[in-house]
Amino acid sequence: MAASIAEHGEDAFRKLFKQYKRRNPPPDFSEVINLSKPCKDKVFTCELNSAPIIEEDVSKAGLRPVKDWRAFGLHGYPGFIFICNPFLPGSQQYWVKQCLKIYPRKPNVCNLDMHMSSVETENIWEKSIDVIRRKGCGKGEPKTLLEKLRWVTLGYHYDWNSKTYSPDHYTPFPKELHSLSHKVAAACGFPGFNAEAGILNYYRSDSSLGIHVDESELDHTRPLLSFSFGQTAVFLLGGTKREDRPTAMFMNSGDIMVMSGPSRLLYHAVPCIVSAPAGNMLPPCLGQRLETEVQDDDIIQSVSEEDWDVCSWYLQTSRVNVTVRQVLASGQTFPDSQASHLSTDSCEKSEEGKNKKRKSESGYERDT
Ligand SMILES: O=C(O)CCC(=O)C(=O)O
Ligand SMILES: [Fe+2]
């Protein structure tokens, strides 16, 4: 487990979080692990098990054959698996479109629902593209709903105030995302993973996500899966204690992270989004189109050029992260009272008490 280094005044996690969040002068990223490049020391190759998965099913979800995935573990973090972009060329576009056009739709819940009527937050995509096409989105223009989106919940909708899931607030989990998650979890040694809840986080270039643990799920033996698309983020993986010094790593578009076993309940955070170098705004893997015709029974479908224009415009300055969770053990039901599951320490209050926002609006403590 990560070493706990208590430092005077400010703990090691908070210190590093603030260091990477700083804008001026820009942070030094030289200590951030980049798993897409060969690195030694802290990183080791993980052998995944392709046996439980039919290869054809994997490609239907837009993934390369499992034997070709580049998966890594981190010394000191048992159960943590980092898979470097296992998506087939062109297939990330489908998942991005789902995240921007489909998943924000009703009956899913988003941050805008906290202070807008359901009529106003209906058809976020359609309302936004109308504005984008009519007047463009230059500086000074009012922000579109798409740009105001911060989080969407799926399946068992997470209640940010009580920090619980409830059987009373459930809508069907998207079956294609269920299927993708099932395959990734199986390859990582968790057959039968049942995706029951999802949290999508939408990061603009100045967004961050505070230090927290995801412990509201009732079965912690099931992994937490995380899919990233768009701009690169710095991810901080800490220890079981809030102040443990974290390890920093880049999460690039297409990367998948699995937090399982002893790593399932580690503190983590996203202090910053790393702006793309000017002139090359979209990661090249997102510009690729599908190399083969989609079949009717494929999970992924091709994305129209019209839709992709909007997605790529959005992702030039944004990142979308999808975390997928199994809430209940197989056969388990929710307890009568949720009170015993109220967490005491799962989400960090706002950084230094500044910019305090209503949790329900901002999700995990988030600055934008
Ligand atoms: O954006 C990320 O990479 C992390 C998201 C996360 O930690 C969460 O949704 O619980
Ligand atoms: Fe998290």
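Residues numbered from 1 in each chain as written. Chains lettered and ligands numbered in written order. Predicted model: local features only at pLDDT ≥ 70, side-chain atom pairs only at ≥ 80, totals over all residues. Heavy atoms only, no water.

Under an unreviewed UniProt entry, the protein has the name Nucleic acid dioxygenase ALKBH1 and belongs to Cyprinus carpio. Taken directly from UniProt, the Subunit (unreviewed entry) text for the protein runs: "Monomer. Interacts with DNAJB6." Annotation of the protein in UniProt includes, under Subcellular location (unreviewed entry), the sentence "Nucleus". (UniProt positions renumbered as here; feature names shortened; annotations may be inferred.)

This part is about the sheet that holds strand S1 (residues 43-45). As summarised here, the arrangement of the 9 strands in space is S1-S2-S3-S11-S8-S13-S6-S5-S4, forming an open sheet in which the pairing is antiparallel. Two strands lie at the open edges of the sheet, namely S1 and strand S4 (109-110), each paired on one side alone. As defined by bridge partners, strand S6 (residues 197-204) adjoins strand S13 (residues 318-325) across 8 bridges and the pair is classed as antiparallel. Opposite Gly198, over in S13, you have Val324 as the bridge partner. Running at roughly 115 degrees to strand S8 (residues 224-230), helix H6 (residues 175-187) makes contact with strand S3 (80-84), strand S5 (151-155), S8, strand S11 (256-259) and S13 of the sheet. Strands S6, S8 and S13 of the sheet are contacted by helix H8 (residues 305-315), whose axis makes an angle of about 100 degrees with S13. (Pairing = 2+ DSSP bridges. Helix = DSSP H or I, 4+ residues; strand = E, 2+ residues; numbered from the N terminus. Contact = heavy atoms within 4.5 Å. Axes fitted to C-alpha atoms, helices over the stretch in contact; angles between N-to-C directions.)

Packed helix pairs are characterised by how far apart their axes lie and by the angle those axes make with each other. Interaxial distance between helix H3 (residues 92-102) and H6 falls to 11 Å at its minimum, and their mutual angle equals 130 degrees. It follows that H3 is oblique to H6 by the angle criterion. As H3 packs across H6, the resulting crossing turns out to be left-handed. Between H3 and H6, the contacting residues are Tyr94, Trp95 and Gln98 on the first element and Glu176, Leu177 and Leu180 on the second. Taken together, the residues that form the contact of H3 with H6 break down as 4 nonpolar, 1 polar and 1 charged. (Parallel < 35°, antiparallel > 145°, perpendicular 65-115°, else oblique. Left-handed = near helix turned anticlockwise from the far one by under 90°. Nonpolar A, V, L, I, M, F, W, Y, C, P; charged D, E, K, R; others polar.)

Side chains on a regular strand alternate between the two faces of the sheet. Buried residues dominate S8, accounting for 7 of its 7 residues. Across 4 bridges, S8 lies against S11 in antiparallel orientation. Looking at the pairing, Ser226 lines up with Met257 of S11. Taken together, the 7 bridges between S8 and S13 define a ladder with antiparallel strand orientation. Residue Phe229 lies in a different strand from S13, and its bridge partner there is Val320. (Buried < 20%, exposed > 50% of the residue type's maximum accessible area, 1.4 Å probe, protein only.)

Taken together, 14 residues surround ligand 1, and among them Asn201, Tyr203, His268, Arg319 and Arg325 come closest. Here an oxygen atom of ligand 1 sits 2.4 Å away from a polar atom, N or O, in the side chain of Tyr203. Arg325 is positioned with one of its side-chain polar atoms (N or O) 3.0 Å from an oxygen atom of ligand 1. Relative to its unbound accessible area of 290 Å², ligand 1 is 99% covered by the protein chains. (Near = heavy atom within 4 Å. Polar contact = N/O pair within 3.5 Å; in protein donor to acceptor, adjacent residues only side chain to side chain. Areas by Shrake-Rupley, 256 points an atom, 1.4 Å probe, with all protein chains shown as cover.)

Okay, the coordination of the iron ion (ligand 2) next. At the metal site, the iron ion (ligand 2) is ligated by His212 (NE2), Asp214 (OD) and His268 (NE2), and these contacts range over 2.1 to 2.2 Å. Along the chain, the residues that donate to the iron ion (ligand 2) are spaced as H-x1-D-x53-H. Within this pair, whereas His212 is found in strand S7 (residues 208-212), its partner His268 is found in strand S12 (residues 268-274), the two being separated by 56 residues in sequence. Looking at His212, the relative accessible area reads 2%, which means it is buried. (Donors = N, O, S within 2.8 Å, 3.2 Å for Na, K, Ca; no water.)

Attention now goes to the nonpolar core. One broad trend across soluble globular proteins is that nonpolar side chains are buried collectively. In this structure, Trp95, Val184 and Phe227 are the most contacted members of the largest nonpolar core, which totals 60 residues. When residues no more than four places from it in sequence are discounted, the contact partners of Trp95 are Ala61, Phe87, Tyr103, Glu176, Leu177, Leu180, Phe229, Ile299 and Ile300. Grouped together as the second largest cluster of nonpolar side chains are 22 residues, Leu35, Tyr203, Ala233 and Met259 included. (Core = buried A, V, L, I, M, F, W, Y, C linked by side-chain atoms within 4.5 Å.)

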